[in-house]
Structures are given as structure tokens and as C-alpha cells.
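The lines below spell out each chain.
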Amino acid sequence: MKRRKKLEIRPGNIKTNDLRRNRLSFRIALITIVSSLFSIVAIELVYMNMKEVIRDYNHVVEVDYANAEYMNDVMVGVYEHQAIVFHHMAESKSQEKRALMEEADEVESHLKEKMAQFEENVRGTEYEIGYHDLFSLMSGYIHNVKTVVDLSKSGETQTAYYTMHTKLEPIIEKMNSQIMGMDQAIKKDTESLMEDMRESTDLMRIVTRVMLVLMLLAAIFNVSFCLRISEEMISRDLLTGVANFDKLIRVGEKMRRKKKNHLVDYSGLAISIKDFKFINQEYGSVVGDIVLKGYAKTLSEHLRHGEVIARNGGDNFIALIEKGHVDEFLNNINKVPVDVGEKLGLTLTSRCGIYQINDEDTIYDVINAGLIAVGETRLSGAKDYVWFRQERRDEMIRQKDILSGYHKAIDEEEFVVYYQPKVNLRTRTLCGCEALVRWIRNGEMVPPGSFIPVLENDGKVQELDFYVFDKVCRDIGDWQRRGIQPVRVSSNFSKLHLHNKQFVDDVLAVVDKHGADPYYLEAELTESSGYEDLDAMKYFVSEMREAGIHTSMDDFGTGYSSLSLLRDIDMDVIKLDRTFLRDENDAKEERMVENIVRMIHDLDRKVICEGVETEEQVEFLKRVGCTMAQGFLFDRPLSREEFEKRLINPYYS
């Protein structure tokens, strides 16, 4: 049997192994030391960058966002204050006037409070100079408001209106321009800070990659945690914890960029809390913040996977909700209970504008459509939940375009007066006409139905009425001087004029300016004007008669108190609405119209019917005793030059 060879351990081998172990230990130690040093440096860099990110973020939230909200509150308050002042001037009842001035004082106090907060926030910043400019404009605005109110109280309403247009509106435009400029500066500053934050975040990502190689697992975990925290800070609303606007944009664009556009699987919702302004005013901003947090928490709890809710400032939120989940989501947020304290609990209701997303929509299209829809919920009688209507967006754009182009149209005389003849049905001769306004814009005629209601709602139609009346008086004076026999011209005046105590004087001033014979003038008011202010209408008609100017009532028969208006207001001419011609072959209709015409004649008034388009209608009117008419059967509205020819040849075959 062979003996197994004994392994011999020599001292040299021991030294060699020890040396190897020592070298390994040294390398491990060296790697550990270097790794630790890199870790310390990396952590320090992350800490420095994190500190810078937090500093920039706090600046954005505490200064820039706050300044933007203060400026928005100030401008909204100014427009609200102006609307109250205008309403105060238009209101005839002293009790209502006092209530409106109290409301205006409250808004003014709120404005001063916001300006004080704004001043505190911008003190020592680059926006302080802009604030002082805005404060100066605000002081000028308040001073001129007092002037307007004093003029209104003293009965100088026309001067007050003039002061509003020449003093207040330019100041408000300057304030708006100043705020827009400051807002742009804030946005630029915010974007710069956000870019710095992104760059800092990118740097942190680079440092983290080095740390992933050199740091221990615990260090790696800590850095990853820090990155997640920084990303959360950039993407979350500071108060409520839901996503912020930038996060929503990124999520929406990410959905849209995917191979299959997932954005179309969602609906866009613009949500706001009803009467949140009252909560802030009644309980204070601290309670308001608690309400916002509780409300946002409830909204978030009802989200499904993939859905997102973001705060858009104030009590406004934007959500992307799966199309099949919208009804359930709305039902869940219909009434939201919020506990504010032991003794106070509130149940919140929501306003919501909903938009069905299409394949070509961007996230910005979705947000804008939702905001338009939620704006409709604030209209009188509107529902709390409103689906977006494309025609509403088109209508808003069209109205804005009309209002923005109005002053240019007045200055450049784009508005043109046309004359539609009135005809004596017995003699088939010209017996009068109605002055109608047309807007020639960019070589095309804008239908009156497209711009008159817009100007009526905005109050600018009053200026347009006098623009037309001025042209009418000028033309009548010109025709008389040239030896052309005029006919009586009726000119329309909006019911808004009845709120102007200088209305009569303004009309007579235009007549005197052109030397027009009052005999050829007729002021036409709609039947509904009498419902607005019967006493003012009576006074106007009486003063016109005293001045030798005729008056007429348009759209007779479309209201509910037509007969009482005939009794109470002594107008010269009553214009029957075209609806009386619906069926000239109906015996009952004929008897009814015949009795109305007879009653008007018995009251010693003249009667005319508009909208006559056929000979059958002419025969019908002659049978019922109406001998004057206007309509396309005889003439469409004619330009000044064409109407002159009709004055020279006043006969219709």
C-alpha cells in the first residue's frame, strides 16, 4: 500500500497567502474608502442640489405663484368693482343705489387688502417697482370712481358715462397691461427657476448613477428616495398634494404620444367648488385651505388607475377621467362632506364642465374646452354639470372679435346707414323709411343679427344708435339743402337709453347740430322698452312730441302688456310685428288683426306693418285697414345713394 503524501505547509506559502490576504484587504479598504469618499461627495452634491431645488421651489410657490394670484385677484376685483359702479349709475332706485355702493365699498376694501398683501410679498424683490406703478394706477382708478359716482349722484349721468369711458376704462386697460407685463416677467422668472430645477435634477441623476456603482445598498436607497421626493415636489400642488398643472400637461402629452393615443379614452373635466369665495370670506383663508385639502382628497379617492386630478389654482381642478367612469365620478363628487373642526362641517357641491376628447385634441385643447364649459355653469339658470358645446367656443370667439373690432369700425366709419322704404298701400307711394345699420367689414357685409345683440349685451349699442341717428340727421339736412323732398325717417334706439337722464337732450343736440327738420324724424323704441322703465319711456315720448319729433313702437304684439302700453304711452306710430302676417287666409286671424288696427286708429295713432313680402299680404292689410307697410315686396334696405333715387321717384308700380 502506498503511503499518502503528506501536504507540506511551508513558511513561504504562509507569507504569500498572508500577503495576498493583506493586499485584498487593502484593496477592499481602499475601495471602501474611495467609495465612502465618493459617497460623501455624492451625498454632499445631492444635498446641495436638493437644497437649491427646494429654495427655487419655495421661491416659485411663495413669491411667483402668490404674486400671480394677487394680480389675478386684483384685476378680477377691479372688473367686478367697475361692473357694480356701472350698475349703480344705471339703477334708478335710490335704495338699490345705496346697496350697490355698499357692495362697491366691500369690493374696494377687498382690493386694498389684496394690494397690501401684494406689497408685502414683493417688498425687496424685482417686482416692487411694478407694484408701485400698479398701486398708482389703482389710486387713480379709485379717485375717478368717486368722481363718476359724484357726477351720477348730482344727475350728470352723461358726464359720468363719459368720464367712465375716458378715464376709468383707459386706467383699467393700463392696469391690465401692467399686470400682463408683470405676469410675463413672473412667468419668465418661474420658467427660469423651473429650468434650473430641472437642470439640478438632471445633475442629481448623473451623480446618482455614480453612486449606484460606488455606494452601498443603503446609500443607493437613500439617494433614490431623495430623487423621488424631488420629483414629487416638482409635480405636486403644495397645498392639496394632488398633481400640479405642469404634471397634468406631462401626463396628457405622454398619453397622446403613445402609439395608440390613450388620451381619447378619457374625458376632460374642469371642476370648481360652488360658493368657495363665500367660504373664504365667511370663515377665513385658513378654513378655506382646509376645505381645499379635504375636497382634493375626496376627488383623489374616487379616481381609477390611470386617471389624474390636478389643481389649476384657487378652487379650480382639472381631471382626466375614463369615459365610462364619468357619470359615476360626477355622482360621487356631487356632495362632498368636509370636516373643518369639531363645531364646523361643510358639504360642498361642484360645478363641472365636461369635454369628450377627440383624437386630434392636445391636452391644452382639453383644458380650454373644459374651462369654457364650466364657465357656462355660472350663467343664470344653467345646470351645475355642463357638457362642452363647440358652438359655445365659436360664439365666444365671434363675440370677442366683434367687440375688439367695434371701436375701429366706428372710427373708420365701417358702419353704414341703409334706408328701407315705407309705402302707402293705397297710393303705392313712398311715405317714410326706417334707418338700418350695416357693418361693411373687410369688404363684406356683416348681418345685423350677428353684431347688434352682442353690442346690446355689452352696452355699446347706445353709441351705435347715436352714430346712426347722427347720419340720419346729416342726410335729412343735406337733402333739404339740395332741394330733395325728404320723408320721415325712423331711427331705432335701444331700451338702454332710457336709463340715461340726458337721453332727450342728447337727441335734440344731434338734431340741432345738423339743422334737420324735426318733422322728418321719428324715434323708434321696442315694445319691451316700456316694461323696463315705463315712466322713463313716457317722459321721453312726451319730450319728443314737444320738440316736434314723432315716436313709434316697434315689435308691437310680441310682449305681454301691449294693450296697457297703448293706453299708457301716447306714441304716434305703432308697428305691427311680422307675426301678424302668419296666415292672411285665416278668418279668425283677419278679424283679430282688423280689431287691433281699428283700436289703434281709434286711439288716434298710425299703424304700419313690417315684413311684407307678397301681394296677398298687401291685400290682407288693406282689408283690415292697415294702409302702411314695409318689406322686401317693395324694397330691401337701400344705400343712401339708392334711396335718394327713390325720393326723386317715390312711386311703386
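The numbering scheme is per chain: residues are counted from 1 as the chain's sequence reads. For this predicted model, a pLDDT threshold of at least 70 governs which residues receive local features, and a threshold of 80 or more governs which side-chain atom pairs are given and counted, while totals over whole chains, interfaces and linings are taken from all residues. Excluding hydrogens and water, the side-chain figures rest on all heavy atoms present in the structure.

1. Points about the overall build of the protein
Only runs of H or I of at least four residues qualify as helices and only runs of E of at least two qualify as strands under DSSP, and these elements are numbered from the N terminus. A count of helical and extended segments in the protein gives 20 helices and 16 strands. Three labels apply to residues, based on accessible area from a 1.4 Å probe with only protein chains included: buried if under 20% of the type maximum, exposed if over 50%, partly exposed otherwise in between. For the protein, with 653 residues in total, the buried portion stands at 46%. Intrachain contacts of the protein at a sequence separation of at least 6 include 71% that bridge at least 24 residues. Within the structure as shown, the protein displays about 35,800 Å² of accessible surface, and the carbon and sulfur contribution to it stands at 52%. Note on contacts: a residue pair qualifies if any of its non-hydrogen atoms lie within 4.5 Å across the two residues. Only the protein chains shown count as covering a residue, and every accessible area follows the Shrake-Rupley method with a 1.4 Å probe.

2. Describing the packing of aromatic side chains
Centres within 6.5 Å are what make two rings of Phe, Tyr or Trp a pair, Trp counting through its six-membered ring; a difference in plane orientation under 30 degrees is then read as stacked, over 60 as edge-to-face, and the rest as tilted. Following the criterion strictly, the structure yields 17 aromatic pairs and no others. Ring plane angle 70 degrees and centroid distance 6.1 Å describe the contact between Phe415 and Tyr467, whose orientation is recorded as edge-to-face. Linking Phe415 in strand β8 (residues 415-424) with Tyr467 in helix α13 (residues 461-481), this pair joins segments that are 52 residues apart in sequence. Considered together, Phe415 and Tyr467 belong to a single accessibility category, that of buried residues. On the basis of an interplanar angle of 10 degrees and a centroid distance of 4.3 Å, the ring pair of Phe503 and Phe540 is categorised as stacked. One end of the pair, Phe503, is in helix α14 (residues 503-514); the other, Phe540, is in helix α16 (residues 534-546), and 37 residues separate them in sequence. Accessibility classification places Phe503 together with Phe540 in one group, the buried group. Placement of a charge over a ring requires the Lys NZ or Arg CZ to be within 6 Å of the ring centre, with the centre-to-atom vector within 35 degrees of the ring normal. A cation over a ring is seen here: Lys471 above Tyr467, with NZ or CZ 5.1 Å from the ring centre.

3. Comments concerning unusual backbone geometry
Even without glycine at this site, Glu413 takes up a positive phi of about 55 degrees. By relative accessible area, which is 47% here, Glu413 ends up partly exposed. Although it is not a glycine, Arg428 sits at a positive phi angle of roughly 55 degrees. Note that Arg428 resides in the loop between β8 and β9 (429-441).

4. A word on the sheet that holds strand β1 (residues 266-273)
Taken in spatial order, the 5 strands line up as β2-β3-β1-β6-β7 in an open sheet, and their pairing is mixed. Two strands bound the open sheet, and with one partner strand each, they are β2 (308-311) and β7 (385-387). The sheet shows a mean angle of 20 degrees between the axes of neighbouring strands, taken without regard to direction. Alignment of β1 against strand β3 (residues 316-322), held across 7 bridges, turns out to be antiparallel. The partner of Leu269 across the bridge, within β3, is Ala319. Axis definition: a line fitted to C-alpha atoms, limited for helices to the stretch in contact. Angles are taken between N-to-C directions and run from 0 to 180 degrees. Taken strand by strand, helix α10 (residues 363-376) contacts β1, β3, β6 (350-356) and β7, and its axis lies near 135 degrees from that of β6. Paired strands, as defined in this entry, are two strands with at least two bridges between them according to DSSP.

5. Details of the environment of Leu320
The residue Leu320 is located in strand β3 in this model. With sequence-adjacent residues up to four places away left out, Leu320 is seen in contact with Leu248, Gly252, Met255, Leu263, Tyr266, Ser267, Gly268, Glu307, Val308, Ile357, Ile363 and Val366.

6. Looking at the layout of surface pockets
Space left empty within the atom packing is revealed by a probe, the size of a water molecule, rolled over the atoms. Site definitions follow a grid-based scheme: protein atoms alone, a 1 Å grid, a 1.4 Å probe that fits but cannot get out for cavities, and for pockets an open set with protein on both sides within 12 Å along at least five of seven lines, plus lining residues having an atom within 4 Å of a point. Grid points are joined across faces, edges and corners, and a volume is the space filled by probe spheres set on the points. Approximately 1,900 Å³ is the volume found for the second largest pocket. Lining of the second largest pocket is provided by 40 residues; of these, His165, Glu169, Asp458, Gly459 and Lys460 occupy positions nearest its centre. Those elements that place two or more of their residues in the lining of the second largest pocket are α1 (11-90), α4 (157-214), α10, α11 (390-411), α12 (448-458), α13 and α14. At 10 residues, α4 tops the list of elements feeding residues into the lining of the second largest pocket. Nonpolar residues are Ala, Val, Leu, Ile, Met, Phe, Trp, Tyr, Cys and Pro. Charged residues are Asp, Glu, Lys and Arg, and all others, Gly as well, are polar. Tallied by class, residues from the lining of the second largest pocket come to 16 nonpolar, 14 polar and 10 charged.

7. A word on helix α19 (residues 615-624)
Within α19, burial applies to Gln617, Val618, Phe620, Leu621 and Val624. Viewed along the axis of α19, the buried residues span an arc of 160 degrees, placing them on a single side of the element. Against the buried residues of α19 lie α18 (587-602), β15 (606-610) and β16 (628-630). The directions considered for the arc are those from the helix axis to the C-beta atoms.

8. Observations regarding a negative patch on the surface
A cluster of acidic residues, Glu102, Glu103, Asp105 and Glu106, forms a negative patch at the surface. On the secondary structure map, Glu106 appears in helix α2 (residues 94-122). You can call Glu106 exposed: its relative accessible area is 58%. Patch membership requires over 30% relative accessible area and the absence of a salt bridge. Like charges are linked within 9 Å, and nonpolar side chains (Val, Leu, Ile, Met, Phe, Trp, Tyr) within 5 Å. One side-chain nitrogen of Lys or Arg within 4 Å of one carboxyl oxygen of Asp or Glu is enough to make a salt bridge. We score Asp and Glu as negative and Lys and Arg as positive, and we do not count His or the chain ends. For the purpose of locating charges, the reference atoms are NZ of Lys, CZ of Arg, CG of Asp and CD of Glu.

9. Description of the packing of α13 against α14
Two packed helices can be described by the angle between their axes and the distance between those axes. The N-to-C vectors of α13 and α14 enclose an angle of 30 degrees; their axes lie 8 Å apart at closest approach. Considering only the axes of α13 and α14, their crossing is right-handed. Where α13 approaches α14, its residues Phe466, Phe469, Asp470, Cys473, Arg474, Gly477 and Arg481 are matched on the opposing element by Phe503, Asp506, Val507, Val510, Val511, Lys513 and His514. Classifying every residue of the contact of α13 with α14 by side-chain character gives 7 nonpolar, 2 polar and 5 charged. Take the far helix as the reference: if the near one is turned anticlockwise from it by less than a right angle, the crossing is left-handed, and if turned clockwise, right-handed.

10. Concerning the packing of α11 against α13
With their axes 12 Å apart at the nearest point, α11 and α13 run at an angle of 20 degrees to one another. With respect to α13, the element α11 is oriented roughly parallel. Handedness of the crossing formed by α11 with α13: left-handed. Facing α11, whose interface residues are Tyr406, His407 and Ile410, α13 presents Glu463, Leu464 and Tyr467. By residue class, the composition of the contact of α11 with α13 is 4 nonpolar, 1 polar and 1 charged. Roughly parallel here means an angle under 35 degrees, roughly antiparallel means over 145, roughly perpendicular means 65 to 115, and every remaining angle is called oblique.

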